[in-house]
Amino acid sequence: MQVEHLPAGLAHNADCTILPNWILSDRELVEYQEMAKTRTFVYDLSSPHLLAYKRVQETLQLAHLVTVPTEWLKKEIGTLHRNIQVLPSTLDLHFFREENRTLRRGVHTVGCFGPFDWDQLIEPFIYLAQRMPSLVVLAGPEAADCFRDAPFTYHAIDTKDCYQYRQVLRQCNLGLQPRDGRIVHDPIWKQEY
């Protein structure tokens, strides 16, 4: 059962409660500390940025198990918890590959989806946009935040709508994933492309 808040999750009997990247409120933390004595909690951490929050660190320490998408992230939180497991992505590849690509002739479409270092692409996109009038940049929420003040045109895509997202992925000639060399995020976007 998927719930958005801890009290709703605690209202149901379960063998295990999974906390997916949650930052608990003060009240939720008190409830969590009490319930962790008699109930099993798994913290599913997929974003290394959450480690900057002291509340997330406290939550991790009380969990019975922490799951992460990469070996690098496992090493990063090794000082906070001993029981850490790397889990592969749950992406259903067949589901994402069942449609045919719908590429348009004469248009160069570049997809920018996922939690990567999009600020590295601003200068190259400015250069390309000046030389390629047919360039179309499709940006997920993280990329759109970085491109907000950039002097090139991009289209912000709502990745929460699964069907719209799949349709947009099919239009990309190229998918980009700039990063600083560390593999810290679930490589799910590479598989989707």
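If you're wondering where the values come from, they're calculated on a predicted model, not measured in any experiment.

What counts, and at which threshold
- Residues numbered from 1 in each chain as written.
- Predicted model: local features only at pLDDT ≥ 70, side-chain atom pairs only at ≥ 80, totals over all residues.
- Heavy atoms only, no water.
- Helix = DSSP H or I, 4+ residues; strand = E, 2+ residues; numbered from the N terminus.
- Buried < 20%, exposed > 50% of the residue type's maximum accessible area, 1.4 Å probe, protein only.
- Contact = heavy atoms within 4.5 Å.
- Areas by Shrake-Rupley, 256 points an atom, 1.4 Å probe, with all protein chains shown as cover.
- Core = buried A, V, L, I, M, F, W, Y, C linked by side-chain atoms within 4.5 Å.
- Arc of directions from axis to C-beta.
- Pairing = 2+ DSSP bridges.
- Axes fitted to C-alpha atoms, helices over the stretch in contact; angles between N-to-C directions.
- Salt bridge = Lys/Arg side-chain N within 4 Å of Asp/Glu carboxyl O.

A. A look at the overall build of the protein chain. Across its full length, the protein chain holds 9 helices and 8 strands. For the protein chain, buried positions account for 38% of its 193 residues. In the protein chain, 62% of the contacts between residues at least 6 apart in sequence involve partners at least 24 apart. Taken as a whole, the protein chain presents about 11,900 Å² of accessible surface, with 51% of it coming from carbon and sulfur.

B. Representation of the nonpolar core within the structure. If you look at the biggest cluster of nonpolar residues, it comprises 19 residues, and the most contacted ones within it are Tyr 32, Tyr 43, Leu 45, Leu 60, Val 66, Val 68 and Ile 77. Elements supplying a minimum of two residues to this core: helix H2 (26-35), strand S2 (41-44), helix H3 (54-62) and strand S3 (65-68). Those residues in contact with Tyr 43 that lie beyond four places of it in its chain are Leu 19, Asn 21, Trp 22, Leu 50, Val 56, Thr 59, Leu 60, Ala 63, Leu 65, Val 66 and Thr 67.

C. Representation of H2. Glu 28, Leu 29 and Tyr 32 are the residues of H2 that are buried. Looking down the long axis of H2, one finds its buried residues gathered within 100° of arc, a one-sided arrangement. For H2, the exposed residues set more than 90 degrees away from the buried face come down to Asp 26, Arg 27 and Val 30.

D. Quick peek at the sheet that holds S3. Spatially, S1-S2-S3-S4 is the arrangement adopted by the 4 strands of the open sheet, whose pairing is parallel. What marks the edges here is a single partner per strand, and that holds for strand S1 (17-20) and strand S4 (84-86). Pairwise comparison of adjacent strand axes, ignoring direction, gives a mean angle of 25° for this sheet.

E. Seen up close, the pairing of S1. Burial of S1 is one-sided: the residues Thr 17 and Leu 19 facing one way are buried, the residues Ile 18 and Pro 20 facing the other way are not. Judged from the 4 bridges that link them, S1 and S2 form a sheet pairing that is parallel. Bridge pairing links Ile 18 to Val 42 in S2.

F. Region of the structure containing the pattern of salt bridges. The final tally for this structure, using the stated rule, is 6 salt bridges. A salt bridge links Glu 34 to Lys 37; the shortest N-O distance between them is 3.4 Å. Accessibility expressed as a relative area gives 49% for Glu 34, which makes it partly exposed. On the accessibility criterion, Lys 37 (64% relative accessible area) is exposed. Arg 148 is paired through a salt bridge with Asp 145; the nearest N and O atoms lie 2.9 Å apart.

G. Spatial organisation of the sheet that holds strand S8 (residues 174-176). Taking strand neighbours across the sheet as the criterion, the 4 strands line up as S7-S6-S5-S8 in an open arrangement whose pairing is parallel. Since the sheet does not close on itself, it has two edges, and those belong to strand S7 (154-156) and S8, each with one partner. Ignoring which end each strand starts from, the neighbouring axes of this sheet average 25° apart. In the packing of helix H6 (residues 122-131) onto the sheet, the strands contacted are strand S5 (108-112), strand S6 (135-139) and S8, and the crossing angle to S6 comes to about 145°.

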